[in-house]
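Structural features, examined
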Amino acid sequence: MSNVLKCIFCMKEMEKGSEEHIFPDSLGGLLVIYNVCKRCNDKLGQKVDSHLVNHQLMQFSRLTKKLKGKKGKIPNPLGRGHLQNDPETTVHYKFTDEGKPESLYVVPKVKSENGHYNVIADASEPDRVVDMVNKFLKRNNQVTKSREEILSSAKYVSDKNPRMQINMNFDINNYRKAILKITYEMAYYWLGKNYLDDKMGEKIRNYILSDDLDVEGLNGYADLVDDKKNGLTSLADDNSHIAVLKKDGNKLYCYVNLFNLFHGGLVVSEQAEKYTNHEDRFLINDVVKREIRENRLEDELLRER
């Protein structure tokens, strides 16, 4: 029975686990385990991981590091805004598929002024203007016009220094569970199958599977990094994810940090005596170099001096 494969979340037996990136794949995560069933993997990816992966601050980081999502696209946090001198004109900042800046694009619209209707569109799409005008004419039982007629009467406006303004709303809660999920998986990675019988481990996985954002009985936090030179954050950098497992009395504490932008720490066990071969651990996942380095925490601290 000791060789039975169990999902580390629902605890159900399974014949084959699915590929689970402890640090999400879309964030350049390289560390993989196979002890998560497909159902939990899909559910938690959609309901938990997505809040961290798609957080607007994380999208900026993914854009600068050219990190593609599962659909092969780099996120565009500058996708929608408006011209600073014309709040009614919506614009997109376009990037290539490789995440390189391309152009500022005016979103087509119909505008009413003094009883007249004007079609506004980006100059790069003249045929879009023609289609919009003729659809409007048809809708109002008027005779459609030729492409030449429409474009010859068009007014072209050039702005040599356009400024885009974006109103951003940041999620301040939902991403937290995703960070604590990483601490749980790192605890399992380092402590092994015995961790599935840990009382604190049980509380953490039940919390991760629940719809709750807050839960009693857990001792930890997840937040934005506000001091990059204090404590364990000093071991992190903007191009990597790190994880630390540290013993404190009879407690085991796990800390994770993503791009020195998001971080969190959690007491993952209050039964440190269960893990007789434990030693404090450190792991870094460099998304630029595409490599993982793992050390004893003591060795890593000496390395950093």
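This section reports on the structure supplied with the text. A quick note: this is a predicted structure, and the numbers were derived from the prediction, not measured. (Residues numbered from 1 in each chain as written. Predicted model: local features only at pLDDT ≥ 70, side-chain atom pairs only at ≥ 80, totals over all residues. Heavy atoms only, no water.)

Side note on the nonpolar core
With 51 residues, the main nonpolar core has F9, L52, M186, Y195, I204 and V268 as its most contacted residues. Here the element with the most residues in this core is helix α5 (residues 176-191); it accounts for 10 residues. For I204, the residues in contact, after removing those within four places along its chain, are Y184, Y195, L218, L266, V267 and V268. Ranked by size, the runner-up nonpolar core spans eight residues in total, among them L235, I242, Y255 and L297. (Core = buried A, V, L, I, M, F, W, Y, C linked by side-chain atoms within 4.5 Å. Buried < 20%, exposed > 50% of the residue type's maximum accessible area, 1.4 Å probe, protein only. Helix = DSSP H or I, 4+ residues; strand = E, 2+ residues; numbered from the N terminus. Contact = heavy atoms within 4.5 Å.)

A word on the side chain of N41
Secondary-structure assignment places N41 in helix α1 (residues 38-53). At 3.0 Å, the side chain of N41 and the backbone oxygen of E19 are in polar contact. (Polar contact = N/O pair within 3.5 Å; in protein donor to acceptor, adjacent residues only side chain to side chain.)

With respect to the packing of α1 against α5
Between α1 and α5, the least distance of the axes is 6 Å, while the angle of their chain directions is 105°. Between α1 and α5, the angle is such that the two are roughly perpendicular. Across the interface between the two elements, L44, V48, D49 and L52 of α1 pack against K177, A178, I179, K181 and I182 of α5. Here the contact of α1 with α5 is built from residues that sort into six nonpolar, no polar and three charged. (Axes fitted to C-alpha atoms, helices over the stretch in contact; angles between N-to-C directions. Parallel < 35°, antiparallel > 145°, perpendicular 65-115°, else oblique. Nonpolar A, V, L, I, M, F, W, Y, C, P; charged D, E, K, R; others polar.)

Some points on the sheet that holds strand β5 (residues 101-106)
The strand order β5-β4-β3-β8 describes an open sheet built from four strands, whose pairing is antiparallel. Every other strand in the sheet has two partners, leaving β5 and β8 (164-165) as the edge strands with one partner each. Bridge count for strand β4 (residues 86-95) against β5 is five bridges, and the pairing is antiparallel. Following the sheet pairing, V91 is matched in β5 by V106. (Pairing = 2+ DSSP bridges.)

Details of helix α2 (residues 56-65)
Residues of α2 that are buried include every one of M58, Q59, S61, R62, L63 and K65, and no others. Those residues of α2 that are buried lie in contact with α1, β4, β11 (251-258) and β12 (262-269). Just downstream of α2, K66 is the residue with a positive phi angle, here 60°.

Thoughts on helix α6 (residues 199-209)
Along α6, the residues classified as buried are M200, G201, I204, R205, Y207 and I208. What you see down the axis of α6 is that its buried residues fit within an arc of 155°, all on one side. On its buried face, α6 is in contact with α1, α5 and β12. Measuring from the backbone nitrogen of M200 back to the side-chain oxygen at the start of α6 gives 2.9 Å, which picks out D198 as the cap. (Arc of directions from axis to C-beta.)

Remarks on the pairing of β11
Across the eight residues that make up β11, a large majority, six, are buried. In textbook terms, the turn of a hairpin is the stretch between consecutive antiparallel strands, and for strand β10 (residues 240-248) and β11 this stretch comprises two residues, one of which, G249, has a positive phi near 65°. Here β11 runs beside β12; their pairing, made up of seven bridges, is antiparallel. Bridged to L252 within β12 is S269. The loop that links β11 with its antiparallel partner β12 comprises three residues; one of these, F259, has a positive phi angle of about 60°.

Focus on the environment of A236
Along the chain, A236 turns up in the loop between β9 (220-224) and β10. You can call A236 buried: its relative accessible area is 12%. The residues contacting A236, other than those within four sequence positions of it, are I242, N257 and N260.

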